[in-house]
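Chain and residue survey
Below, each chain spelled out in residue letters.
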Amino acid sequence: MSWFVLVVSGLFEAVWATALGRMDGFRPGPIVVFTVALVVSMGGLGWAMRDLPTGTAYAVWVAVGASATVAWAMATGAEPFTLARVLLIAGIIGCVIGLKLLPQE
C-alpha cells in the first residue's frame, strides 16, 4: 500500500508543479490547485515514509513527479516531444522500478 500511495503522491507532485507554472502572478485557480495538490503530495510522501526507507521513497516520489510533469508538458505541447526526451523519461522510470525491486531491509 505504501508504494501505491507513494506513486499517487508523485503524480500529485506533477499537478502542483504544473499549477505553479501556470500561476502567472497570483491567479486564484492555479493557487488553489497548487495548494491542494501540494498538501496531498507531501502528506502521501510522509505517509509512505513510515514503511519505506527515506532515500528510496524520496527518489521515487521525485522521479514519478518529474516524469509525469515532463510527459504532461509534452502531451499538451508546452515542451517539444522528442525521442531523446521519451528515452530519458523511460530511463528515470526504469531506475525507479529498480529501486522497487531491490530487497527492503
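Reference entry: report on the structure contained in this document. Please read all numbers here as calculations on a predicted model, not as lab measurements.

What counts, and where the lines are drawn
Residues numbered from 1 in each chain as written. Predicted model: local features only at pLDDT ≥ 70, side-chain atom pairs only at ≥ 80, totals over all residues. Heavy atoms only, no water. Core = buried A, V, L, I, M, F, W, Y, C linked by side-chain atoms within 4.5 Å. Buried < 20%, exposed > 50% of the residue type's maximum accessible area, 1.4 Å probe, protein only. Helix = DSSP H or I, 4+ residues; strand = E, 2+ residues; numbered from the N terminus. Contact = heavy atoms within 4.5 Å. Salt bridge = Lys/Arg side-chain N within 4 Å of Asp/Glu carboxyl O. Phe/Tyr/Trp six-rings, centres within 6.5 Å; stacked < 30°, edge-to-face > 60°.

Describing the nonpolar core
By size, the foremost hydrophobic cluster in this structure holds 16 residues, and its most contacted members are Leu6, Leu52 and Val60. Where this core is concerned, the elements lending two or more residues are helix H1 (2-21), helix H2 (28-48) and helix H3 (54-76). Ignoring sequence-local partners within four residues, the contact set of Leu52 consists of Ser2, Trp3, Leu6 and Ala57.

A word on the pattern of salt bridges
Applying the stated rule across the entire model yields one salt bridge. The partner of Glu79 in a salt bridge is Arg85, and the shortest N-O contact between them spans 2.7 Å. For Glu79, a relative accessible area of 28% gives the class partly exposed.

As for the environment of Gly29
If you trace the backbone, Gly29 turns up in helix H2. Note on Gly29: relative accessible area 40%, which makes it partly exposed. Here the alpha-carbon distance between Gly29 and Ala19, two residues ten residues apart in the chain, equals 8.7 Å.

Examining the packing of aromatic side chains
Applying the stated criterion across every chain yields a total of two aromatic pairs. Ring centres 5.8 Å apart and planes at 85° place the aromatic pair Trp16 and Phe34 in the edge-to-face group. Note that Trp16 is positioned in helix H1 and Phe34 in helix H2, a separation of 18 residues in sequence. Residues Trp16 and Phe34 agree in their burial class; the two are buried. Geometrically, the ring pair formed by Tyr58 and Trp61 is tilted, given 5.8 Å between the ring centres and 35° between the ring planes.

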